[in-house]
Each structure stands twice: as C-alpha cells, then as structure tokens.
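Structural characterization, general
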Amino acid sequence: GNSVTQMEGPVTLSEEAFLTINCTYTATGYPSLFWYVQYPGEGLQLLLKATKADDKGSNKGFEATYRKETTSFHLEKGSVQVSDSAVYFCALGLSGGYNKLIFGAGTRLAVHP
Amino acid sequence: EAQVTQNPRYLITVTGKKLTVTCSQNMNHEYMSWYRQDPGLGLRQIYYSMNVEVTDKGDVPEGYKVSRKEKRNFPLILESPSPNQTSLYFCASSRRQGGGSEQYFGPGTRLTVT
C-alpha cells in the first residue's frame, strides 16, 4: 500500500544549527512529494514539493530532493531560526486522478535561541 | 485574500448530538477534502469532492457525511457523534485533480465529544 514514514520527534535544536528530517515513502505509480508545515494554532501550509524523480523542491531556505532509488524525500535547512519551530509533515500525492494526500505522522521541531 | 475558512474553530458536544462543521473556499477550486488529524497518525482523509454533487469516501469515512451543493462550500456532518470522533479536523481545497496539486488548508476545527 501507499504510506509515508517520518522520523519521530520532537527534534530540538539551537538556533543556526543544521536540520534534517527524514522521510521515506512507499507508493505505487509515480507520486508527487510534499512537505507541509503547521505553525501553532494554524492549518497546514505547503512548504515545498517535487513532482518527479531527482527534482529538488526549495523554499525559505528549506530543501528536499525526490530520490526514487532510496524512496526518500528528506527535509534539510542549513541554519534554523526560532521562527522555524513548527510541526513538519511529509506527504505523497497519488497519481491517477486522485485528489488525496497521504501524510506521515509529523515531526515537531523546537528551535531554541 | 485567498483562503479556506472553517466554523466553528472549537466545539465541545455530547455523544449523539448532530453537528455540522462548515467549510468554504473563495478560490473557485473544484476539489475539496476533509481530513482528521490525530497524534501519531498524521492527517487522514475522511471524504473528498471533485465537483458539485460529486463526493466519495476517503480512508476513514465511517460516522461522517458530506454534501457539495455549491462549489465553494463543503460541510462535514456528524449525525451521531461519538467520543472516538474527538479530533482536529481540516478542510482543504485544490485547483485541479492529480497528485501534484497543492492543497490549501483551513485553520482547523477542534472537536471534543464527551
């Protein structure tokens, strides 16, 4: 079946530290991959996406590369800020006419000054 | 401003008392979905709609109903809520079908059923 596995949190970092949040997936067909971010008390916002193998999505200093050979889409940022504290969700979007996202469990990131 | 709105944001109710959570989008999107978010499980799709009068079940539809009489609105109905429906609910919309489409989420409705 289709699924997404994310590293468990919480992840606690100091400001300016390097961030990696691991995400692997299982899917049939050719899914698109997404990272969504949820700030406290808010809905989810799209952070970045990649629609085919070897694509790199990037936004606000975050990056993730769609790796088909390792079925991964790890999120990275070179220098985190306190304002990056949030819950991050990896998700896959199924091909074939569906309008559905399959989410990982989410990883909470806390950045301290 | 492009947005998805949900009401109410917070709701506490008792078992068996029918309730409706409204969802509205102002982006003229064809596709709308409802998700529930539970700790450790991420978000799971409840129902989705591809257009007016076209709806279908997601992964966890039991105990829920939806309707799509207008393009902008997609209410979620709990006919007889139970405590296991205590959750955080999100409505989402997107412009076109297909796995590559960005979905826009509402702010969420936190429901507690006692």
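Now for a description of the structure that goes with this document. (Residues numbered from 1 in each chain as written. Chains lettered and ligands numbered in written order. Predicted model: local features only at pLDDT ≥ 70, side-chain atom pairs only at ≥ 80, totals over all residues. Heavy atoms only, no water.)

It is worth spelling out the interface of chain A and chain B at this point. Taken together, the contact between chain A and chain B spans 22 residues of the former and 27 residues of the latter. Between chain A and chain B, a total of about 1,800 Å² is buried, with carbon and sulfur atoms accounting for 49% of that surface. Linking chain A with chain B are 0 salt bridges. If you look at where chain A meets chain B, you find 4 residue pairs in polar contact (both at pLDDT 80 or more). Elements with a contribution of two residues or more to the side of chain A that touches chain B: β5 (32-38), β6 (44-50), β10 (86-93) and β11 (101-103) of chain A. Ranked by residue count, the leading element in the side of chain A that touches chain B is β5(A), at 4 residues. (Contact = heavy atoms within 4.5 Å. Buried area = accessible area lost by both parts, 1.4 Å probe. Salt bridge = Lys/Arg side-chain N within 4 Å of Asp/Glu carboxyl O. Polar contact = N/O pair within 3.5 Å; in protein donor to acceptor, adjacent residues only side chain to side chain. Helix = DSSP H or I, 4+ residues; strand = E, 2+ residues; numbered from the N terminus.)

Next up on the list: the packing of aromatic side chains. A full pass over the atoms with the stated rule returns 11 aromatic pairs over all chains. The interplanar angle of 90 degrees and the centroid separation of 6.1 Å between the aromatic rings of A:Phe89 and A:Phe103 together place this pair among those described as edge-to-face. Of this pair, A:Phe89 sits in strand β10 while A:Phe103 sits in strand β11; the two residues are 14 residues apart in sequence, bridging distant segments of the chain. Like A:Phe103, A:Phe89 is buried. Ring plane angle 75 degrees and centroid distance 6.2 Å describe the contact between A:Phe103 and B:Phe105, whose orientation is recorded as edge-to-face. Taken together, the positions of A:Phe103 in strand β11 and B:Phe105 in strand β10 (residues 104-105) put the pair across two chains. Each member of the pair A:Phe103 and B:Phe105 is classed as buried. (Phe/Tyr/Trp six-rings, centres within 6.5 Å; stacked < 30°, edge-to-face > 60°. Buried < 20%, exposed > 50% of the residue type's maximum accessible area, 1.4 Å probe, protein only.)

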